[in-house]
Amino acid sequence: MTNEMVLVLDYGGQYNQLIARRVREEHVYCEVHPYTLSLDEIRAKKPRGIILTGGPNSVYGPGALTSDRALFELGVPVLGICYGSQLMAQVLGGRVEAAPVSEYGRTEITVTASDSRLFTDVSPQTTGWMSHTDYIAALPPGFRITATTANCPIAAMEDAGRGLYAVQFHPEVLHTVEGKKMLRQFVRGICGCAGDWRMDSFVETTVAALRQKIGDGRVLCALSGGVDSSVAAVLLSKAIGKQLTCVFVDHGLLRKNEGDEVAAVFGEDGPYDLNFVRVDASQRFYEKLRGVTDPEKKRKIIGEEFIRVFEAEAKKIGRVDFLAQGTIYPDVIESGLGKSAVIKSHHNVGGLPDHVDFKEIVEPLRLLFKDEVREAGRALGIPEHLVRRQPFPGPGLGIRIIGEVTEEKIKIVQDADAIYREEIAKAGADKDLGQYFAALTNMRSVGVMGDGRTYDYAIALRAVLTSDFMTADSARLPWDVLQTAANRIVNEVKGVNRVLYDCTSKPPATIEFE
Ligand code: XMP
């Protein structure tokens, strides 16, 4: 396995894991540690490069997060980003002060030193993402300016002889158009990393770390069959085998055949060494949902009931030392750093079981982004249909049936959704879609089938393009695909006589219907 490592020292910036992710994209192993990591600890890690992140503080203010001057004298290349660049300037004898004009957002950058290694192959005029109120007002001795902007005379500086580089902008965010190139240049060119790290290595190191952490402890994992919990479960099963029990709660609000598909992969006949418990709790959920039409009430009931079922199963299992979760990095950000371990337990359904005693939570995917989780899933040999699965909300079809949930309606929406997904897959239209599904409106309308009048439900089809699920555009699906799906749904699904396509974006609509 590779022993090339780039160390990211965290000064509290919002994009820190994104920096790590960009380094991993260059196939170099990367660790993020708090800025307080001691020099001895840093030396022991033998990093090939160090990146100092951005952060919300002022380097000259009270309570500034600092660094030891010796950090810059280790003989290891250092790249300071935003706060990190100012820190480098301040510690090495430059001057940092409040900028007369703050810069936020996309900013034109002029590369003034075309021979700078950091900017190899970068255009002389390029766009960077800025977010700062302080700036470097005077260079430290030995440095030269390598880039400027209209309001920031030292947008980048370097002392190449000592391997010290600093940029005021954020190369890690995609708005910095040539940022990837710059980070590649730092990691590969300046630090000299060969870039032989692969997701397999993540799997190997994580499995080893899980083994060490868990020892002979028992682990309980709530498995939804979604990508994140599936990958977490397989990693754990590789690490600790039968010490792991996965509980899959089937709330009866899953997509067509989904329960069986999950059981086929993780159950006794599947390839993994773990204990798998499938709980068919559908009747329990249907009873609780009877007569309930308010979306929020429905969500609450489903979330709470899920926890109760899960708890009951955990009790049967007895001793549980660790609770495992498929929390991924975007979940950590959403729930606020630090507290995330507690808040995000069962983020998929909301809430953490109160009455399950466990020592600790294990979250092996905590530092990965969704596409990296999929890559890890592939490295683990998880079937492609699971790895590529689109997100499915914890409350399931409960929030895709407008109004009261009944077994009849569940069957309708399951069948319509299966047809829709099949047609989209057949046409190869699924590649770019963020999410696509059928929902059941609670509208009935008049139709004519054969020679008779019908008075049946309308199905709504939705397909959205999105990368972050916070905003979304409705997808322009080929008309043929929609029409074929609509025809099949009306012909094959009893109780439906009309199919509508939802062409609203988010906002103002949401992706789900409730
Ligand atoms: P909305 O409908 O808010 O959905 O635009 C945004 C994304 O979140 C998913 N979603 C959920 N996921 N539990 C989840 O795990 C939930 O309660 C939930 N509600 C919505 C939705 O599928 C979409 O991907």
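Quick caveat, the model's predicted, so the values are computed rather than measured. Each chain carries its own residue numbering, running from 1 in the written order of its sequence. Residues qualify for local features only when their pLDDT is at least 70, as the model is predicted, and side-chain atom pairs are given and counted only at 80 or more; totals for whole chains, interfaces and linings, by contrast, use all residues. The basis for every side-chain value is the complete set of heavy atoms in the structure, and neither hydrogens nor water enter the calculation.

Engineer: What should I look at first to understand the sheet that holds strand β12 (residues 275-280) in this one?
Structural biologist: Pairing within the open sheet is parallel, and its five strands lie in the order β12-β11-β10-β13-β14. This sheet does not close on itself; its edge strands, each paired only once, are β12 and β14 (360-362). Direction aside, neighbouring strands of the sheet carry axes that sit 25 degrees apart on average. The pairing of strand β10 (residues 219-222) with strand β13 (residues 322-324) spans three bridges and is classified as parallel. What sits directly across from L220, in β13, is L323. Strands pair, by our definition, only if DSSP identifies at least two bridges between them. To qualify as a helix, a DSSP run of H or I must reach at least 4 residues; to qualify as a strand, a run of E must reach at least 2; elements of each kind are numbered from the N terminus. Only the stretch in contact is used when fitting a helix axis, every axis being a line fitted to C-alpha atoms; angles between N-to-C directions are given from 0 to 180 degrees.

Engineer: Where do I start with the packing of helix α8 (residues 282-289) against helix α9 (residues 295-317) in this structure?
Structural biologist: Between two packed helices, what matters for the description is the angle formed by their axes and the separation of those axes. At a minimum axis distance of 10 Å, the contact between α8 and α9 shows a crossing angle of 145 degrees. You can see that α8 and α9 cross each other, and the crossing is right-handed. In this structure, α8 uses R284, F285, K288 and L289 to contact α9, whose residues at the interface are K298, I301, I302, E305, F306, R308 and V309. Here the residues of the contact of α8 with α9 sort into six nonpolar, no polar and five charged. When the near helix sits turned anticlockwise from the far one by under a right angle, the crossing is termed left-handed; a clockwise turn instead gives a right-handed crossing. Only heavy atoms matter for contacts: two residues are in contact if any of them lie within 4.5 Å across the pair. Asp, Glu, Lys and Arg are counted as charged, while Ala, Val, Leu, Ile, Met, Phe, Trp, Tyr, Cys and Pro are counted as nonpolar; the rest, among them Gly, fall into the polar class.

Engineer: Looking at this structure, I do not really get the nonpolar core. What am I missing?
Structural biologist: The tendency in soluble globular proteins is for nonpolar side chains to be buried as a group. Formed by 87 residues in total, the largest nonpolar core has its most connected members in F202, V219, F266, L365, Y420 and I459. Here this core takes nine residues from helix α6 (residues 227-240), the largest share from any one element. For this core, the two domains that each supply at least three residues are domain 2 (199-387) and domain 3 (400-502). With sequence-adjacent residues up to four places away left out, V219 is seen in contact with I214, L236, I240, Q243, L244, T245, F322, A324 and V362. We call a set of buried residues a nonpolar core when its members are Ala, Val, Leu, Ile, Met, Phe, Trp, Tyr or Cys and they connect through side-chain atoms within 4.5 Å of each other. Remark: exposure states derive from per-residue accessible area (1.4 Å probe, protein chains only) relative to the maximum for the residue type, with buried under 20%, exposed over 50%, and partly exposed in between. In this structure, A20, I81, L118 and Y165 belong to the second largest nonpolar core, which totals 33 residues. Start and end points for every domain follow an automatic or database-based domain assignment.

Engineer: Sorry, what's going on with the packing of aromatic side chains here?
Structural biologist: Aromatic rings in a pair are described by how distant their centres are and how their planes are angled relative to each other. For Phe, Tyr and Trp, where Trp contributes only its six-membered ring, two rings pair if their centres lie within 6.5 Å, and the inter-plane angle classes them as stacked under 30 degrees, edge-to-face over 60, or tilted in between. Tallied over the full model, the rule gives nine aromatic pairs. Pairing Y11 with Y83 gives two aromatic rings, centres 5.5 Å apart and planes at 35 degrees, and the pair type is tilted. Taken together, the residues Y11 in the loop between β1 (5-10) and α1 (16-25) and Y83 in helix α3 (residues 83-91) connect sequence positions 72 residues apart. Overall, the relative accessible area of 2% leaves Y11 in the buried class. Taking 6.3 Å as the distance between ring centres and 35 degrees as the angle between the ring planes, the aromatic pair formed by Y29 and W197 counts as tilted.

Engineer: I tried to follow α6 on my own but got confused; where do I start?
Structural biologist: Helical geometry note: an α-helix holds 3.6 residues per turn, so side chains three or four residues apart project in the same direction. Look at α6: 20 Å from first C-alpha to last across 14 residues, which is about the 20 Å you get at 1.5 Å a residue. Judged by how many residues are buried, α6 sits mostly within the fold: 13 of 14 residues are covered. Once α6 ends, the next one or two residues include G241, with phi positive near 50 degrees. Multiplying 1.5 Å by the helix residue count minus one yields the expected span of that helix.

Engineer: I'm lost on the layout of surface pockets in this one. Help?
Structural biologist: One way to see where empty space is left: roll a probe the size of a water molecule over the atoms. Cavity: a set of points on a 1 Å grid over the protein atoms alone where a 1.4 Å probe fits but cannot get out. Pocket: an open set with protein on both sides within 12 Å along at least five of seven lines, its lining residues, like those of a cavity, having an atom within 4 Å of a point. Grid points are joined across faces, edges and corners, and a volume is the space filled by probe spheres set on the points. The volume enclosed by the second largest pocket comes to roughly 930 Å³. Together, 31 residues line the second largest pocket, and Q17, V32, E363, R366 and L367 are the ones closest to its centre. Counting only elements with at least two residues in the lining of the second largest pocket, the list comes to α1, β2 (29-34), α5 (199-214), α10 (329-334) and β14. The biggest single contributor to the lining of the second largest pocket is α5, with six residues. Broken down by class, the residue content of the lining of the second largest pocket amounts to 17 nonpolar, eight polar and six charged. Both domains that meet at the lining of the second largest pocket, namely domain 1 (5-190) and domain 2 (199-387), each give it at least three residues.

Engineer: Can you help me understand the environment of Q390 in this one?
Structural biologist: Its location among the elements puts Q390 in the loop between α13 (384-387) and α14 (407-426). Exposure remark for Q390: the relative accessible area of 11% places this residue in the buried category. Taking the C-alpha atoms as reference points, Q390 and Q435, separated by 45 residues in sequence, lie 6.0 Å from one another. Setting aside residues up to four positions removed in sequence, Q390 forms contacts with R255, R421, G434, Q435 and Y436.

Engineer: Would you take a moment to explain the side chain of S85 for this structure?
Structural biologist: Examined against the element boundaries, S85 turns out to sit in helix α3. What makes S85 buried here is its relative accessible area of 1%. Leaving out residues up to four positions away in the same chain, S85 has contacts with G80, I136, M157, A166, V167 and Q168.

Engineer: When you look at the sheet that holds strand β9 (residues 164-167) in this model, what are you seeing that I'm missing?
Structural biologist: Strand pairing in a sheet relies on backbone hydrogen bonds, with the paired strands running either antiparallel or parallel. With respect to topology, nine strands assemble into an open sheet ordered β2-β1-β3-β4-β9-β8-β7-β5-β6, the strand pairing being mixed. Single-partner strands in this sheet number two, and they are β2 and β6 (125-138). Within this sheet the neighbouring strands show an average axis-to-axis angle of 25 degrees, counted without direction. With four bridges joining them, strand β7 (residues 144-149) and strand β8 (residues 152-159) adopt antiparallel strand pairing. Within the sheet, the bridge partner assigned to R144 lies in β8 and is E158. With respect to the sheet, α1 is in contact with β1, β2, β3 (49-52) and β4 (78-81), its orientation differing from that of β2 by roughly 160 degrees. Packed onto the sheet, α3 meets β3, β4, β5 (95-111), β6, β8 and β9 and runs at close to 120 degrees relative to β4.

Engineer: Please clarify how the domain arrangement of the protein should be interpreted in this entry.
Structural biologist: It is common to give the size of an interface as the accessible area that goes away when the parts come together. When its domains are assigned, the protein resolves into domain 1 (5-190), domain 2 (199-387) and domain 3 (400-502). Between the C-alpha centres of domain 2 and domain 3 the distance comes to 29 Å. The interface is formed by 13 residues belonging to domain 2 together with twelve residues belonging to domain 3. Here the buried area means the combined drop in accessible surface, using a 1.4 Å probe, for two parts upon being joined, counting both sides. Regarding the contact of domain 2 and domain 3, the summed buried area is about 1000 Å², with carbon and sulfur atoms giving 54% of it. Three residues, R255, K256 and K298, lead the burial of domain 2 against domain 3; their summed loss comes to 45% of the area buried on that side. One side-chain nitrogen of Lys or Arg within 4 Å of one carboxyl oxygen of Asp or Glu is enough to make a salt bridge. At the boundary of domain 2 with domain 3, the tally comes to one salt bridge.

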